[in-house]
Amino acid sequence: MKFNTKTIHGGQSPDKAYGSVMPPIYQTSTYAQTTPGGHKGYEYSRTHNPTRGALEKSFASIENGHYGLAFGSGLAAIDAVIKLLEPGDEVISTNDLYGGTYRLFTKIYEKFQIKFHFTGMQEIQQIEHCISPKTKLIWVETPTNPMLNIIDIKAVSALAKKHSVLLAVDNTFATPYLQRPLDLGADIVMHSATKYLGGHSDVVMGALAVNDKTLADRLYFIQNASGAVCGPQDSFLVLRGIKTLHVRMQRHCENSRAVANFLMMHPMVENVYWPGLPSHPNHQIASEQMEDFGGMLSFTTKGNNYHKALKVLERLKIFTLAESLGGVESLAGHPASMTHASIPRAEREKTGVVDSLIRLSIGIEDIEDLKADLKQALEA
Ligand SMILES: *Cc1c(COP(=O)(O)O)cnc(C)c1O
């Protein structure tokens, strides 16, 4: 089965009871048994639920994995991965990491004696430099937020294998439509399904997909033992979202290309960060490992003026000023005062998060409306 077919049919079959094409929302916590232990594979919904199960099969299918797991949020999925580790273990992670992931690593897991190294990952030597016999996991996010840097998953995977270290990739920004980390050698792929997989800004959810049976069993054990599962209603919504992932992503990419080109030509704009632009420092590797370049884009206005950038954001009418990304509607954000406000100015400016940086999640509206909205906001 090819990718677009998998989004609709991957791991799915009509429901056994009445042949319903979509799985019913099994809104139940428990299941009747005929005799103790006599059940149809379902005992309690923290452990298994048929609607969640259908979604987990879909996750596995679209990521080309054998096993899928669904969680109550993206962070709950990351939390389950870190629970594979033990005190004294070390993790190497990208330095421009999603803020919530950074907070989980440093504020929760450092307390339990897990050590995190944060480094740039554009050069493989930077990662190799951090590896010690205690390193158990490399955590990659690509493209990164909000600078859209690209990390070479295949190259990191070769390094991880050489040192027998697990490689996990946060694939939230790219989605499996654009990039499939398991095929590139990662052991674990993770999603905030809140974003593109759900796609409609109406659910918070997380996902993992893996190939190795032993690793999958350990993660299923953690999922059940720690209990951060998602409910059947949300599972249904994300399963429905995935069925249009490919057509939405096509439009997200197409609109982003047009917005990137529009901003590049605009006299009020200084820099545009989108991996599809030949001027992007990682354009070459992005072209090799991604099918297209995604729906996330950042830019700076001329003069690096905080208030000017805020004015642009306030004037936008179709773009909504909001956190999050990956929905059908276009969103705009100001990393310096929103997602990255907790990072000291000197630190964030080193990675490019300056006062005039604006991040856009390009939706699937008509491109002429999006360009007109940006034009009036920049020129008012
Ligand atoms: C949103 C996000 C997360 C966290 O996911 P939640 O569903 O909000 O818990 C992790 N990584 C990336 C890249 C994200 O965008």
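Here's what I pulled together on the structure shown here. (Residues numbered from 1 in each chain as written. Predicted model: local features only at pLDDT ≥ 70, side-chain atom pairs only at ≥ 80, totals over all residues. Heavy atoms only, no water.)

Counting its secondary structure elements, the chain contains 14 helices and 12 strands. Taken against the 2.2 N^0.38 rule, which gives 21 Å for 380 residues, the C-alpha radius of gyration of the chain at 21 Å falls within 12% of a compact globule. Reported as C-alpha extents along the three principal axes, the dimensions of the chain are approximately 75 × 50 × 35 Å. Here the chain holds 380 residues, and the buried ones make up 54% of them. The long-range fraction of contacts in the chain, counting pairs at least 24 apart against all pairs at least 6 apart in sequence, stands at 72%. On the chain, roughly 16700 Å² of surface is accessible, and the fraction owed to carbon and sulfur atoms is 54%. Between the averaged position of the 37 positive side-chain charges in the chain and that of its 38 negative side-chain charges there is a distance of 2 Å. (Helix = DSSP H or I, 4+ residues; strand = E, 2+ residues; numbered from the N terminus. Rg over C-alpha atoms; globule rule 2.2 N^0.38 Å. Buried < 20%, exposed > 50% of the residue type's maximum accessible area, 1.4 Å probe, protein only. Contact = heavy atoms within 4.5 Å. Areas by Shrake-Rupley, 256 points an atom, 1.4 Å probe, with all protein chains shown as cover. Lys, Arg positive; Asp, Glu negative; His and termini not counted. Charge placed at Lys NZ, Arg CZ, Asp CG, Glu CD.)

Ranked by internal contacts, the top residues of the largest apolar core, which has 55 residues, are Phe59, Val238, Leu263, Leu297, Phe299 and Leu360. Examining the composition of this core, we find that 7 residues originate from one element, helix 10 (residues 245-265), more than from any other. Contacts of leucine 263, omitting those with residues within four sequence positions, involve Val269, Val272, Leu297, Phe299, Leu360 and Leu378. Phe71, Trp139, Ala216 and Ile222 belong to the second largest nonpolar core, which has 28 residues in total. (Core = buried A, V, L, I, M, F, W, Y, C linked by side-chain atoms within 4.5 Å.)

Around the ligand sit 13 residues in total, of which Gly74, Asp170, Ser192, Thr194 and Lys195 are the nearest. Contact distances for the ligand include 2.9 Å between an oxygen atom and a backbone N or O atom of leucine 75. Between a nitrogen atom of the ligand and a side-chain N or O atom of aspartate 170, the distance comes to 2.7 Å. When its residues are assigned to classes, the shell around the ligand shows 5 nonpolar, 5 polar and 3 charged. (Near = heavy atom within 4 Å. Polar contact = N/O pair within 3.5 Å; in protein donor to acceptor, adjacent residues only side chain to side chain. Nonpolar A, V, L, I, M, F, W, Y, C, P; charged D, E, K, R; others polar.)

The next thing to look at is the packing of helix 10 against helix 14 (residues 367-379). The geometry of helix 10 relative to helix 14 is characterised by a closest axis approach of 10 Å and an angle of 30° between their N-to-C directions. Considering the angle they form, helix 10 stands roughly parallel to helix 14. Here helix 10 runs over helix 14; the crossing is right-handed. Contact residues: helix 10 offers Asn255, Ala258, Val259, Phe262 and Leu263, while helix 14 offers Ile367, Leu370, Lys371, Leu374, Lys375 and Leu378. Along the lines of polarity and charge, the residues of the contact of helix 10 with helix 14 split into 8 nonpolar, 1 polar and 2 charged. (Axes fitted to C-alpha atoms, helices over the stretch in contact; angles between N-to-C directions. Parallel < 35°, antiparallel > 145°, perpendicular 65-115°, else oblique. Left-handed = near helix turned anticlockwise from the far one by under 90°.)

Now for the pattern of salt bridges. Under the criterion given, the structure shown has 14 salt bridges. With a closest N to O distance of 3.9 Å, arginine 180 and aspartate 183 form a salt bridge. On the basis of relative accessible area, arginine 180 is assigned to the partly exposed category, the value being 22%. Here glutamate 368 ties to lysine 371 by a salt bridge, and the two come within 3.9 Å at their closest N and O atoms. Of this pair, glutamate 368 and lysine 371 both sit in helix 14, 3 residues apart, which is roughly one turn of that helix. By relative accessible area, which is 23% here, lysine 371 ends up partly exposed. What you see here is one network of salt bridges that share partners, running through Arg345, Arg348, Glu349 and Asp355. (Salt bridge = Lys/Arg side-chain N within 4 Å of Asp/Glu carboxyl O.)

Inspection of the secondary structure puts arginine 359 in strand 12 (residues 357-361). Taking the relative accessible area as the measure of exposure, arginine 359 reaches 8% and is therefore buried. Separated by 59 residues in sequence, arginine 359 and threonine 300 have C-alpha atoms that sit 8.9 Å apart. Not counting the four nearest positions on each side in its chain, arginine 359 is found in contact with Asn145, Pro146, Phe173, Met296, Leu297, Ser298, Ser324, Leu325, Leu331, Ala332, Gly333 and Pro335. A polar contact of 3.1 Å, which involves the side chain of arginine 359, links it to the backbone oxygen of serine 324.

Right, let's talk about helix 8 (residues 213-226) for a bit. Between the first and last C-alpha of helix 8 there are 20 Å, a value that for 14 residues agrees with the 20 Å anticipated at 1.5 Å per step. Looking at the packing, one finds that the buried side of helix 8 touches helix 2 (50-62), strand 1 (67-71), helix 3 (74-82), strand 5 (166-170), strand 6 (188-192) and strand 7 (206-210). Between a side-chain oxygen at the N-terminus of helix 8 and the backbone nitrogen of threonine 214 the separation is 3.3 Å; the capping residue is aspartate 212. (Expected span 1.5 Å × (residues − 1).)

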